[in-house]
Amino acid sequence: GRRGPGAGRPAKHYVRADRQIELSLPARDYAGLAELLAGAVEADTSGAAQTALNRAAASLGAELGEEAAGHPGADGHPDQVLAALRQALAARGYEPYDDADGTTRLRNCPFDRIAAHHRQLVCGANHAMLQALTDHLGGDPPVQAVLDPQPGRCCVVLTRAS
């Protein structure tokens, strides 16, 4: 019996799904390949494969930092560095947000499916990549990537160096 604005169906409320849904045509299995590679790196008892993975992750982080530094406004001012960093992280699917204490947390781990079975390996590489990204952007004080694994979000947080 209501009329006017607000009458009718209730507003929709969207929430994040508990499970991941992917569609690829034709079918691709990148997660399967990632599982194989992660297993191979973990099987290398010399540690050389993990070192090579972290080096490659840091190289990618530096490339991402180079791209982010090239955006207008990323000229070293702390707020502009954080804005460029948040933009780079959002573009990669991390969903950054700030805590009340100024720590930047990452709501989503883009590598979650593989990290579920290879947490130490994946989080180590992710940390190396994000530290290289923050190192490249600089700022004063600089932002540091710190491992802080918590359920339901990325294992890395970003804090201001004191």
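The preceding data block contains the structure.
Conventions adopted
Residues numbered from 1 in each chain as written. Predicted model: local features only at pLDDT ≥ 70, side-chain atom pairs only at ≥ 80, totals over all residues. Heavy atoms only, no water. Helix = DSSP H or I, 4+ residues; strand = E, 2+ residues; numbered from the N terminus. Buried < 20%, exposed > 50% of the residue type's maximum accessible area, 1.4 Å probe, protein only. Contact = heavy atoms within 4.5 Å. Axes fitted to C-alpha atoms, helices over the stretch in contact; angles between N-to-C directions. Left-handed = near helix turned anticlockwise from the far one by under 90°. Nonpolar A, V, L, I, M, F, W, Y, C, P; charged D, E, K, R; others polar. Expected span 1.5 Å × (residues − 1). Arc of directions from axis to C-beta.

(A) Main features of the side chain of N126. Here N126 shows up in helix 5 (residues 119–137). Look at N126 and you get buried, because its relative accessible area is 3%. For N126, the contacting residues outside a window of four places in its chain are Y94, F111, C154, C155 and V156.

(B) Just the packing of helix 2 (residues 48–69) against helix 5, in detail. Put simply, helix 2 and helix 5 touch, their axes get as near as 7 Å, and they point 35° apart. The way helix 2 lies across helix 5 gives a crossing that is right-handed. Each residue belonging to the contact of helix 2 with helix 5 can be placed in one class, and the counts come to 15 nonpolar, 7 polar and 1 charged.

(C) Local environment of helix 2. Taking 1.5 Å per residue as the helical rise, helix 2 with its 22 residues ought to reach 32 Å, and the 31 Å between its terminal C-alpha atoms agrees with that figure. All buried positions along helix 2 are accounted for by A57, G61, L64, G65 and A68. Projected down its long axis, helix 2 carries its buried residues within an arc of 105°, all on one side.

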